[in-house]
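Spelled out, the chains give:
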Amino acid sequence: MRAHVPMRPTWRCRACVADWPCGPARLALLHEFRGQRIALCLYLSGQYVDALKDFAEYAPNTSTKGLYERFVGWPPIPRL
């Protein structure tokens, strides 16, 4: 079974070729960072910055609209 990790610079999933983080990658990240939402958000923010740099260099005409939601905006907010 292949890991659902990003292929750079396209930021597609190496296993299923969907936009990364794909559904299985999100589930794996939620499991890996369980109880550590801040650490997950910091990790995803770093991936987001790397993706912005990759798209700017390798695909400058690609719209980056929606990348924030794709990378950083999806983790659920815990209930207080």
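Residues numbered from 1 in each chain as written. Predicted model: local features only at pLDDT ≥ 70, side-chain atom pairs only at ≥ 80, totals over all residues. Heavy atoms only, no water.

> Even after reading the chapter, I still don't get the overall build of the chain, so can you show me in this structure?
Within the chain one finds three helices and two strands. Over its C-alpha trace the chain gives a radius of gyration of 13 Å, about what one expects of a compact globule, namely 12 Å for 80 residues. Seen along its three principal axes, the alpha-carbon backbone of the chain occupies a region of about 40 × 30 × 15 Å. Expressed as a percentage of its 80 residues, the buried residues of the chain come to 28%. (Helix = DSSP H or I, 4+ residues; strand = E, 2+ residues; numbered from the N terminus. Rg over C-alpha atoms; globule rule 2.2 N^0.38 Å. Buried < 20%, exposed > 50% of the residue type's maximum accessible area, 1.4 Å probe, protein only.)

> What exactly am I supposed to notice about the side chain of Arg70 here?
Locating Arg70 in the fold gives a position in helix 3 (residues 67–71). Looking at Arg70, its side chain comes within polar contact range of the main-chain oxygen of Trp11, at 2.5 Å. Each residue touching Arg70, except ones within four places of it in the same chain, is listed here: Trp11, Asp19, Trp20, Pro21 and Arg26. (Polar contact = N/O pair within 3.5 Å; in protein donor to acceptor, adjacent residues only side chain to side chain. Contact = heavy atoms within 4.5 Å.)

> How do you make sense of the side chain of Asp54 when you look at a structure like this?
Looking at the element boundaries, Asp54 is found in helix 2 (residues 37–58). Residues contacting Asp54, with those up to four places away along its chain left out, are Arg8, Pro9, Trp11 and Ala59.

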